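Below are the chains, spelled out letter by letter.
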Amino acid sequence: MSVKTKNKKKWGKFDIFNVVFFTLVILIMIYPFWNVFMISIVDYKTFAESGFLVLPKKLDLSAYRFIFASDEIIRSIGVSLFVTVFGTMYNLFLTISYAYALSIKKLPGRKIFLTFAIIPLFFQGGLIPLYLQVKNLGLINNVFAMILPMGINIWYLIIIKNYFMEIPESLREAARIDGANDIHILWKIILPLSKPMIATFLMFYAVERWNEWFNAMLFIKDTDKIPLQKLLRDIVFNNFGAGNMAKSYRKVTGSYVGGEAVKMATAVVTIVPIAVLFPFFQKYFVKGVMAGAVKQ
């Protein structure tokens, strides 16, 4: 009995067109990031002559030496790490706790609490009430002004709540029969079954916290308390004085560093942590988001 081998699919004109078209799209999307990286590792003369770079003719890491020799940038990296770690844990604690409470169908006043959560999606107080509230809490010029006021993303809350509601109620009832309270049920049953969802929104919150700059602009006055993204914005718009930082660097090292290279190197430093973490969480994204996106 002969075994028929399957013929390989022949590529048609449409397939070739798709490959060429989407390859060009990918290159167009990637090149700006590549160009940023190239500018950060070449000297000012090469950048001034070329503008658009594909490969560097000569490596110059002065911009990165400048960044990691600058006290301002090192402090801002530390602030961003603090805000990202503690802010993400704070966000997840509030969001998961609230979502679990809303997922309990027998909770008294459940619809009222859900309504209170949804109202901010349509009506918000604005910047002035937010500023006054932060001021009344004594958080002006305090790092926690970038953490405490921003507790829950309502869209994330709704998706997580729907995810929890899809977990069979019989599991909770069995745990209650065994004497478990809601804290034990959440910690021992719900969260282990929700790892893809938790990983997904942990990454979402971490990205939001790492990119924090707007609240720093509103509430932080001291330059030693600003996060990396705010410092990058100040460098790009020359508010912080990248030129002055470069002058002080030249006095210490005796070598020249271009302002554009400093800007691009700082941008690379802000991108790398999230870019490194993203592949480890990517496998959870589709499963985590879609699991609670549709109400059964």
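For the structure, see preceding data.
Described in the following lines is the structure provided in the data block. (Residues numbered from 1 in each chain as written. Predicted model: local features only at pLDDT ≥ 70, side-chain atom pairs only at ≥ 80, totals over all residues. Heavy atoms only, no water.)

Another point: the packing of aromatic side chains. Taken as a whole, this structure holds 11 aromatic pairs when the rule is applied. Centroid distance Trp34 to Phe37: 5.9 Å. Interplanar angle 50°. Geometry classified as tilted. Residue Trp34 and its partner Phe37 are located together in helix H1 (residues 13-40), separated by 3 residues, close to a single helical turn. On the accessibility criterion, Trp34 (35% relative accessible area) is partly exposed. Here Phe37 falls in the partly exposed class, since its relative accessible area comes to 32%. Pairing Phe201 with Phe204 gives two aromatic rings, centres 5.6 Å apart and planes at 90°, and the pair type is edge-to-face. (Phe/Tyr/Trp six-rings, centres within 6.5 Å; stacked < 30°, edge-to-face > 60°. Helix = DSSP H or I, 4+ residues; strand = E, 2+ residues; numbered from the N terminus. Buried < 20%, exposed > 50% of the residue type's maximum accessible area, 1.4 Å probe, protein only.)

So, on to the layout of surface pockets. Size it by volume and the largest pocket reaches roughly 880 Å³. Taken together, 24 residues make up the lining of the largest pocket; nearest its centre are Gln124, Pro149, Met150, Gly151 and Ile152. The set of elements that each furnish at least two residues to the lining of the largest pocket consists of helix H5 (110-122), helix H6 (127-136), helix H7 (154-166) and helix H10 (195-210). A total of 4 residues in the lining of the largest pocket trace back to one element, the largest contributor, which is H6. (1 Å grid on protein atoms, 1.4 Å probe; cavity = no way out; pocket = protein on both sides within 12 Å on 5 of 7 lines; lining within 4 Å. Points joined across faces, edges and corners; volume = space filled by probe spheres on them.)

Mapped onto the elements, Tyr131 comes out in helix H6. The partly exposed category is assigned to Tyr131, whose relative accessible area is 32%. As a C-alpha pair, Tyr131 and Ala145 span 14 residues in sequence and 9.8 Å in three-dimensional space. In this structure, Tyr131 is in contact with Ile140, Leu218 and Phe219, ignoring residues within four places of it in sequence. (Contact = heavy atoms within 4.5 Å.)

What follows covers the packing of helix H8 (residues 169-177) against helix H9 (residues 182-190). Contact geometry of H8 with H9 gives a least axis separation of 10 Å together with a crossing angle of 125°. Between H8 and H9, the interaxial angle falls into the category oblique. In this structure, the crossing between H8 and H9 has a hand that is right-handed. Between H8 and H9, the contacting residues are Leu171, Arg172, Ala175 and Arg176 on the first element and Asp182, Ile185, Ile189 and Ile190 on the second. Of the residues belonging to the contact of H8 with H9, the class tally is 5 nonpolar, no polar and 3 charged. (Axes fitted to C-alpha atoms, helices over the stretch in contact; angles between N-to-C directions. Parallel < 35°, antiparallel > 145°, perpendicular 65-115°, else oblique. Left-handed = near helix turned anticlockwise from the far one by under 90°. Nonpolar A, V, L, I, M, F, W, Y, C, P; charged D, E, K, R; others polar.)

Core analysis: the biggest nonpolar cluster contains 28 residues, and Tyr64, Ile67, Ile73, Val83, Met146, Leu228 and Val269 have the highest contact counts within it. In this structure, Ile96, Tyr100, Ile159 and Ile198 belong to the second largest nonpolar core, which totals 23 residues. (Core = buried A, V, L, I, M, F, W, Y, C linked by side-chain atoms within 4.5 Å.)

With that settled, consider the pattern of salt bridges. What the rule picks out here adds up to 5 salt bridges. Residues Glu169 and Arg172 are paired through a salt bridge, measuring 4.0 Å at the closest nitrogen-oxygen approach. Remark: Arg172 and Glu169 occur in helix H8; sequence separation between them is 3 residues, near one turn of the helix. A residue is classified by how much of its surface remains accessible, and Glu169, at 38% relative accessible area, is partly exposed. On the basis of relative accessibility, which here comes to 1%, the residue Arg172 falls in the buried class. A salt bridge links Glu169 to Arg176, with the shortest nitrogen-to-oxygen separation between them at 3.8 Å. In this structure Arg176 comes out as partly exposed when scored by relative accessible area, which is 30%. (Salt bridge = Lys/Arg side-chain N within 4 Å of Asp/Glu carboxyl O.)

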